[in-house]
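Residue-level structure breakdown
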Amino acid sequence: MVSLIIGHKGSGKTKHLIDEVSKAYSNSDGHVICVEKNKKLTYDIESGVRLVCADDFAVSGYDTYYGFLAGMCGSDHDLTDVLGDGTLKIGGTDMDKLAEFLEKVNNLGDATDTKFTFTISADENEIPAKVFDYCEKI
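Residues numbered from 1 in each chain as written. Predicted model: local features only at pLDDT ≥ 70, side-chain atom pairs only at ≥ 80, totals over all residues. Heavy atoms only, no water.

**Quick look at the pattern of salt bridges**
Once the charged atoms of two side chains with opposite charge are near each other, the side chains can pair. Applying the stated rule across the entire model yields 7 salt bridges. Lys37 is paired through a salt bridge with Asp55; the nearest N and O atoms lie 2.8 Å apart. Placement of the pair is Lys37 in the loop between β2 (31-36) and β3 (50-53) and Asp55 in the loop between β3 and α2 (62-75), with a sequence separation of 18 residues. Under the relative-accessibility criterion, Lys37 is labelled partly exposed at 24%. (Salt bridge = Lys/Arg side-chain N within 4 Å of Asp/Glu carboxyl O. Helix = DSSP H or I, 4+ residues; strand = E, 2+ residues; numbered from the N terminus. Buried < 20%, exposed > 50% of the residue type's maximum accessible area, 1.4 Å probe, protein only.)

Right, dumping it as structure tokens:
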């Protein structure tokens, strides 16, 4: 199941994500990756967590983002957690495409035994209800 941190800009999503990164790193017996749109979290997360800037790899749109995540999972069999900040900035604001992306990521997580957590800058009622069949709000 994919975990979502939902709320509008300024609601503390990134702070919550940083806390989740720390928890994941403390509890992981493998690798933890944090994906962000730009390089604003460089000094906020544990040094043992791999911080990946999506802009450095020209990741834009949900299909590209999914392929990027799948590539990470396929190349690192010790990967336990992937946390992403700025999901709508990376993938786009189309909520139906977001729903498709999250379903595919959920299946990827099941197949690779990887836990995914994303921040979503929106009200919960803006997100398609079907998303909560395979995602949980934290």
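**Comments concerning α2**
With 14 residues, α2 extends 20 Å between its outermost C-alpha atoms, agreeing within 8% with the 20 Å of an ideal straight helix rising 1.5 Å per residue. Those residues of α2 not exposed but buried are Tyr62, Tyr65, Phe68, Leu69, Met72 and Cys73. Burial along α2 is one-sided: seen end-on, the buried residues are contained in an arc of 135°. In α2, the exposed positions angled more than 90 degrees off the buried face are occupied by Asp63 and Ser75. Where α2 is buried, its residues touch β2, β3, β4 (79-84), α3 (87-91), α4 (95-112) and β5 (115-120). (Expected span 1.5 Å × (residues − 1). Arc of directions from axis to C-beta. Contact = heavy atoms within 4.5 Å.)

**Details of the layout of surface pockets**
Estimated volume of the largest pocket: approximately 240 Å³. Along the walls of the largest pocket sit 15 residues, with Lys13, Thr14, Lys40, Lys89 and Ser121 positioned nearest its centre. Taken together, the residues of the lining of the largest pocket break down into no nonpolar, 8 polar and 7 charged. (1 Å grid on protein atoms, 1.4 Å probe; cavity = no way out; pocket = protein on both sides within 12 Å on 5 of 7 lines; lining within 4 Å. Points joined across faces, edges and corners; volume = space filled by probe spheres on them. Nonpolar A, V, L, I, M, F, W, Y, C, P; charged D, E, K, R; others polar.)

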